[in-house]
Amino acid sequence: MKNILKRLKIRNFVSFVSFWIILFLYLLAIFADFIAPYPFNKQFRDYPLCPPTKIHFFDKNKRFHLRPFVYEYKLVNPALNKYEILTEKICPIYFFVKGEKRKILGLFYSDRYLFGTKEGKIFIFGTDIHGRDIFSRILYGARISLSIGIIGVSISFFLGFLIGGISGYFGGKIDNIIMRIVEIFMMFPSFYLMLSLRAAFPINLSSFQIYLLIVIILSFIGWAGLARIIRGMVLSIKEEEYVLASKALGLSTFKIIFKHIIPNTFSYSITAITLSIPGYILGESTLSLLGLGIQEPYPSWGNMLSVCIGNLRILSTAPWMLTPGFFIFLTIISFNFLGDGLRDVLDPKNW
C-alpha cells in the first residue's frame, strides 16, 4: 500500500490528493457520532432554513478573541426566511463540549462532542425546513451513501470474479450458457432496471430493510459487466505456463482458479472497483432522491436533496440545501481521479 501511494504521488498528484479526500470523508462518516454537534433527527423549530452560522474571531468592536465564537440568529420573517444576527451576544465555541449522550461507533455512550456551543446554536451548513442541522445530517448520511458503494461493489465483484472465472476457465457449453445470461443482464438499461426492481418491493419497508434492498439491487445489476471482462482475462491467463504446471501437479480446479488465475486479475480489478463505486453512490442517491430509497428521518445524501425538487422558493432563499449535492460530486470526482491514477500506477507497462 505504501509503495502504491508513493508511486501515485509521483505519477499523479491529483489522484494522490483524491485518495486523502476519500479517506477523510470515510473517517467523517465513521466518527459522525463524535464530530456532529447534534443528532441527525434533532429539530430546532425556531430555526427553519437558518443560514450557515459564520465563525468569528473579531467582535463588532473589532476586538480579537482567542476562542472562536458565533452570534445568535433570530427569525424575523418566516415567509421569506429572513434572520437577524444578534451581535450583542457572543456564543463561544468549545471543543469536547458536553451535551446529550450518544452511542459512539455503536460501542459505548459518551456525552462529549468534538465541538459545540454552551449557549446559542452553531449550524455550519445551515438547517433544513425542519430546523435540523445539515452538517450533522451530512455526516450521518455519509455512512449510508459511502458504505453502500463499498458493500455493493464487494458483492458484485465477488459474483463477477466467481462467474467470470468459471466461465473463462471451463469454456465450452458452460461458457456459452453463462455468457448468454450475462448478455441478458447487460441488455437492460441499468437505471430503468434499478427502478423496476425497487418498485417490485413494498414501499413501507424499514430504513434498514431498504438499505439492504438497495445493496442487493445495485449488486444484482453491476456484476455482469465485470464477469464478462474477467472471463476474457481468464481465457488468456489459463494458457500461461504456471497454470499448466499447476494442472500437471494435480492441483484442484478451485485452487488453480483462486490461487493462480484470479490473483493475476487484481491489477485491473483494483482500478475497476475504484471506478465502479461512484455508480453505486449515484444509484443510492437517485433512489433516495425519488423517494424510493432511505426514508426520513434517517438521512442519506440523496433524500436530503429530495426537498429541493421543484421547490424554487427553497432554492432561491436557501441555496445551502444543495450542500449534499456538493458532497456527492466531490466523492464521485475523487473516486474517478483515484481510479485513473491507479490505472496508470498498476499498469505493468509503467513499472
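Structure report, in brief.

Calculation criteria
Residues numbered from 1 in each chain as written. Predicted model: local features only at pLDDT ≥ 70, side-chain atom pairs only at ≥ 80, totals over all residues. Heavy atoms only, no water. Pairing = 2+ DSSP bridges. Helix = DSSP H or I, 4+ residues; strand = E, 2+ residues; numbered from the N terminus. 1 Å grid on protein atoms, 1.4 Å probe; cavity = no way out; pocket = protein on both sides within 12 Å on 5 of 7 lines; lining within 4 Å. Points joined across faces, edges and corners; volume = space filled by probe spheres on them. Nonpolar A, V, L, I, M, F, W, Y, C, P; charged D, E, K, R; others polar. Salt bridge = Lys/Arg side-chain N within 4 Å of Asp/Glu carboxyl O. Buried < 20%, exposed > 50% of the residue type's maximum accessible area, 1.4 Å probe, protein only.

The pairing of strand β1 (residues 56-58) with strand β2 (residues 64-77) spans two bridges and is antiparallel. Across the sheet, residue Phe58 finds its bridge partner in β2, namely Phe64. Count of turn residues in the β1/β2 antiparallel hairpin: five residues, of which Lys62 carries a positive phi of about 65 degrees. Between β2 and the antiparallel strand that follows it, strand β3 (residues 82-104), lie four residues; Asn81 among them carries a positive phi value of about 55 degrees.

All right, on to the layout of surface pockets then. Counted as a void, the largest pocket has a volume near 480 Å³. Looking at the largest pocket, it is lined by 23 residues, and the ones nearest its centre are Ser190, Leu218, Ile221, Gly222 and Tyr280. Among the elements of the structure, α4 (134-170), α5 (172-187), α6 (190-199), α7 (207-237) and α10 (266-289) are those that each provide at least two residues to the lining of the largest pocket. Residues of the lining of the largest pocket, tallied by class, amount to 16 nonpolar, seven polar and no charged.

On inspection of all chains with the given rule, the structure shows 10 salt bridges. A salt bridge links Glu296 to Arg132; the shortest N-O distance between them is 3.2 Å. Of this pair, Glu296 sits in the loop between α10 and α11 (301-305) while Arg132 sits in the loop between β4 (108-117) and α4; the two residues are 164 residues apart in sequence, bridging distant segments of the chain. Since its relative accessible area comes to 43%, Glu296 is described here as partly exposed. Relative accessible area serves as the criterion here: at 5%, Arg132 is assigned to the buried category. For Glu296, the salt bridge goes to Arg137, with nearest N and O atoms at 3.1 Å. Taken together, the residues Glu296 in the loop between α10 and α11 and Arg137 in helix α4 connect sequence positions 159 residues apart. The structure contains a network of salt bridges with shared partners spanning Asp128, Arg132, Arg137 and Glu296.

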